[in-house]
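As a plain string of letters, each chain reads:
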Amino acid sequence: VVMKGPHNIRLSLSSSDKEFLEEFTKVFPGSKLYAASRGNYTISIQDYPICRWLLAYGFRPAKSFVGMDLPPVPDEYFGSFLLGLLDSDGCVLHRNKTSLVFEWVGHPSYMSQLYSRLLALGFNAKYYIRSRNTALGLVDIMSYSDACRVADLMYKDAPFCLKRKRDKVLQRYGNLQYKKD
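Residues numbered from 1 in each chain as written. Predicted model: local features only at pLDDT ≥ 70, side-chain atom pairs only at ≥ 80, totals over all residues. Heavy atoms only, no water.

Draft legend 1. View of the overall build of the protein chain. Check the secondary structure of the protein chain and you find six helices and eight strands. The order of helices and strands in the protein chain, counted from the N terminus, is β-β-α-β-β-α-α-β-β-α-β-β-α-α. The proportion of buried residues among the 181 residues of the protein chain is 42%. Within the protein chain, contacts between residues separated by at least 24 positions form 56% of all contacts whose residues are at least 6 apart in sequence. Total accessible area computed for the protein chain in this model is approximately 9900 Å², and 52% of it derives from carbon and sulfur atoms. (Helix = DSSP H or I, 4+ residues; strand = E, 2+ residues; numbered from the N terminus. Buried < 20%, exposed > 50% of the residue type's maximum accessible area, 1.4 Å probe, protein only. Contact = heavy atoms within 4.5 Å. Areas by Shrake-Rupley, 256 points an atom, 1.4 Å probe, with all protein chains shown as cover.)

This is the structure:
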């Protein structure tokens, strides 16, 4: 996030997945895709109202390193919010031949609030702190039924997503209702 005065903000997102960022530029008019640098493409969003909205309802720069509150995401957007977290700072892991784990990673204060929100929605989530150089909070959803529910919540109305993560889900649970391209 770059703040250039009270009415000028620029948000930059980076990813090695060019196709994903190209989809992003279709959703946010005025955004610009920049060529790869060290394997990552970058888009820049400079529309002030859009940037303010993103910052108010979910876009959290440096959430892995800075303590902050979970934004007040309305229930109808929570699936999209979870998907954004998964695509930016999460992973989809194969645990064995039949199960899959969704894992979200971030600052412990942020992840503990995400954990509480998932519990309130009836998910059997797990929360723990992994310590290396800096502490990171991790939230996992492991059970088959909860993985199916959270996948449906995230992907059913998603205009776009990181296909490599979605494809892991489809490989394991190919019969979910959200399957579309």
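Draft legend 2. Broad picture of helix H2 (residues 48–56). All of the buried residues along H2 are Cys 51, Leu 54 and Leu 55. The buried residues of H2 all sit within an arc of 95° when viewed along its axis, so they share a single face. (Arc of directions from axis to C-beta.)

Draft legend 3. Layout of the packing of helix H3 (residues 78–89) against helix H5 (residues 144–155). Packing of H3 against H5 brings their axes to within 7 Å, and their N-to-C directions diverge by 100°. Here H5 runs roughly perpendicular to H3, going by the angle between their axes. Residues Phe 78, Gly 79, Leu 82, Leu 83 and Leu 86 of H3 pack against Val 150, Leu 153, Met 154 and Tyr 155 of H5. Split by residue class, the contact of H3 with H5 holds eight nonpolar, one polar and no charged. (Axes fitted to C-alpha atoms, helices over the stretch in contact; angles between N-to-C directions. Parallel < 35°, antiparallel > 145°, perpendicular 65-115°, else oblique. Nonpolar A, V, L, I, M, F, W, Y, C, P; charged D, E, K, R; others polar.)

Draft legend 4. Examining the side chain of Ser 31 more closely. Position of Ser 31 among the secondary structure elements: in the loop between helix H1 (18–27) and strand E3 (32–37). Ser 31 gets classed as buried once you look at its relative accessible area, which sits at 16%. Leaving out residues up to four positions away in the same chain, Ser 31 has contacts with Phe 24, Thr 25, Ser 44 and Ile 45.

Draft legend 5. Molecular detail of the nonpolar core. Of all hydrophobic cores here, the largest spans 31 residues; its most connected members are Phe 102, Trp 104, Leu 114, Leu 118 and Met 154. Those elements giving two or more residues to this core turn out to be H3, strand E6 (100–106), helix H4 (108–120), strand E8 (135–141) and H5. Core analysis: the next-biggest nonpolar cluster, separate from the first, contains 13 residues, Leu 13, Cys 51, Leu 54 and Leu 162 among them. (Core = buried A, V, L, I, M, F, W, Y, C linked by side-chain atoms within 4.5 Å.)

Draft legend 6. Spotlight on the side chain of Glu 103. Turning to its location among the elements, Glu 103 is positioned in strand E6. A polar contact is formed between the side chain of Glu 103 and the side chain of Tyr 128, at a distance of 3.0 Å. Each residue touching Glu 103, except ones within four places of it in the same chain, is listed here: Leu 86, Asp 89, Gly 90, Cys 91, Leu 93, Tyr 128, Leu 138, Val 139 and Asp 140. (Polar contact = N/O pair within 3.5 Å; in protein donor to acceptor, adjacent residues only side chain to side chain.)

Draft legend 7. Here's a closer look at the pattern of salt bridges. All chains considered together, the criterion is met by five salt bridges. Across the pair Asp 75 and Arg 117 runs a salt bridge whose closest N-O atoms are separated by 2.7 Å. With a gap of 42 residues between them, Asp 75 in the loop between H2 and H3 and Arg 117 in helix H4 connect regions that are remote in the sequence. For Asp 75, a relative accessible area of 55% puts it in the exposed group. Across the pair Asp 167 and Arg 166 runs a salt bridge, and its minimum N-O distance is 3.1 Å. A relative accessible area of 37% means that Asp 167 is categorised as partly exposed. Taking relative accessible area as the criterion, Arg 166 reaches 6% and is therefore assigned buried. (Salt bridge = Lys/Arg side-chain N within 4 Å of Asp/Glu carboxyl O.)

Draft legend 8. Representation of the packing of aromatic side chains within the structure. Taken as a whole and judged by the stated rule, the model has three aromatic pairs. Considering the side-chain rings of Phe 102 and Trp 104, the 6.3 Å spacing of their centres and the 25° angle between planes classify their relative orientation as stacked. Under the relative-accessibility criterion, Phe 102 is labelled buried at 0%. Above the face of the Phe 78 ring, Arg 117 is positioned so that its terminal group lies 4.2 Å from the ring centre. The aromatic ring of Phe 123 is capped on one face by Arg 149, whose charged end is 4.1 Å from the ring centroid. (Phe/Tyr/Trp six-rings, centres within 6.5 Å; stacked < 30°, edge-to-face > 60°. Lys NZ or Arg CZ within 6 Å of the ring centre and 35° of its normal.)

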